[in-house]
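What follows is the residue order along each chain.
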Amino acid sequence: MTISRRQLLVLLPAAAVAWKYVLAGTPEESPNYRMDGHWWGMLIDVTKCIGCGNCVRACQTENDVPDGFFRTWVERYHTTDWHMENPEVVSPDGGKEGFPTVKPDEAGKYFFVPKLCNHCADSPCTQVCPVGATFVSPDGVVLIDPKYCLGCAYCVQACPYGCRYIHPKKEVADKCTLCYHRITKGLTTACCEACPTGARQLADLKDPKDPIHEFIRTHSVQVLKPQMATGAKAFYNGIDGSVR
Amino acid sequence: MSVFKDAGHLFRFLGLFVLAFLVFLVIRGFVVPKSFGQYGHYRGAAITEIASRPVKFAGHQTCETCHTDIVETKTGGKHAHVNCEACHGALAAHVDDPGNVIPHKPETAVLCARCHTASAAKPQGFPQVDPADHSGGASCETCHNPHSPAIGDDTGISTAKGGAK
């Protein structure tokens, strides 16, 4: 096929326009959402978690997470009086189908700890990215730009909480987005929506009316690995020092 | 001015350098996405792209706009704060096309056991039963209404056979 000079003159601007569209993405948005009005986090009340795995399944459904990989998962801790610092931690298939039952006469303490990206304000994972593919958004959510990610996995190693993985099909880093496509539309995350006991609650730290402020004031809430100063925003109630 | 006596080739080299730099700037202008640096060292448009993905869980607020009878049943019951899709699964497709996407009814013997099977690992005070002992294999719905599981007028602990802990 030959292209005449006239055709080329028409085609070039058209290609330029198309390319511009490719670069700009496909904006189709929640118009009332203001990024500067939010600072997202999550409150996890371990005393309410029953280890049903609803959150894990909901996350996989909502975000098309491949089997064997997890954006959120549930761990069951078992601490005994003897080695508090060495808990036995199990998470069969991320707790997706629940956990084996425990007999009432078993020694020690059992509890479930749902894990997810902590959406750190000073996140180690975003700092190591060599290409600017992962970042903390202006509303405090750690996101990945799949079009920019090279799949080098520096961030996977950098995350102290083990929340990232390389997507087996896309071959780029993948992780919890705090259901960014939901929270910007006024919905809660899929895991919070599916949690039957209210053990997980989406929290907006910039919203003075958010119940998290009162909850943190009145409970002994902590973040994971505080010594790493990551500015983690997954707030845990009811965990002890054995949880890492 | 003996230093610059034969400096002509240096200026030509400088000119070449400036030209290369300009070419670099032009290429960079084309290659770097427009929104890069809009908020920080990343592509600002990525935020919009991530935010524009479709949802699969419709959210209980959406369910409640139509299923007002269920809301009424749930109110005041033990399951008042359990969201619809916690049991029924992701149903945004049903919201988009209520006529054709018909959600299937969950099998209570499997569904209820997921949460209520007794295990010492669960928080004390959470109602738990040994399903085989509690109902002898009968479907939970035989005695309990899943939307408000307490039996009779009692909105507290279920008094069903076997008794909930």
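Going by the structure above, here's the rest.
Residues numbered from 1 in each chain as written. Chains lettered and ligands numbered in written order. Predicted model: local features only at pLDDT ≥ 70, side-chain atom pairs only at ≥ 80, totals over all residues.

Helix and strand content of chain A: seven helices and eleven strands. Taking the principal axes of the C-alpha coordinates as reference, chain A spans close to 85 × 40 × 30 Å. When the 244 residues of chain A are sorted by exposure, 41% land in the buried category. Restricting to contacts in chain A with at least 6 residues of sequence separation, those with at least 24 account for 63%. (Helix = DSSP H or I, 4+ residues; strand = E, 2+ residues; numbered from the N terminus. Buried ≥ 20, exposed ≤ 12 C-beta atoms within 10 Å, placed from the backbone. Contact = placed C-beta atoms within 7 Å.)

What follows concerns the overall build of chain B. When its secondary structure is counted, chain B shows eight helices and zero strands. Secondary structure elements of chain B occur, N-terminal to C-terminal, as α-α-α-α-α-α-α-α. Taken across its 165 residues, chain B has 23% of its residues classed as buried. A separation of at least 24 residues holds for 53% of the contacts in chain B among residues at least 6 apart in sequence.

Interfaces are often sized by the accessible area lost when the parts come together. Between chain B and chain A, the contact holds 37 residues from the first and 48 residues from the second. Contributing elements (two or more residues each) for the side of chain B that touches chain A: helix H2 (45–51), helix H5 (84–88) and helix H7 (108–116) of chain B. Per-class residue counts for the side of chain B that touches chain A are 19 nonpolar, ten polar and eight charged. (Nonpolar A, V, L, I, M, F, W, Y, C, P; charged D, E, K, R; others polar.)

A few words now on the sheet that holds strand E9 (residues 200–204) of chain A. Strand order across the open sheet formed by four strands is E9-E1-E11-E10 (chain A), with mixed pairing between neighbours. Either end of the sheet is taken by a strand with one partner, and the two such strands are E9 and strand E10 (221–222) of chain A. (Pairing = 2+ DSSP bridges.)

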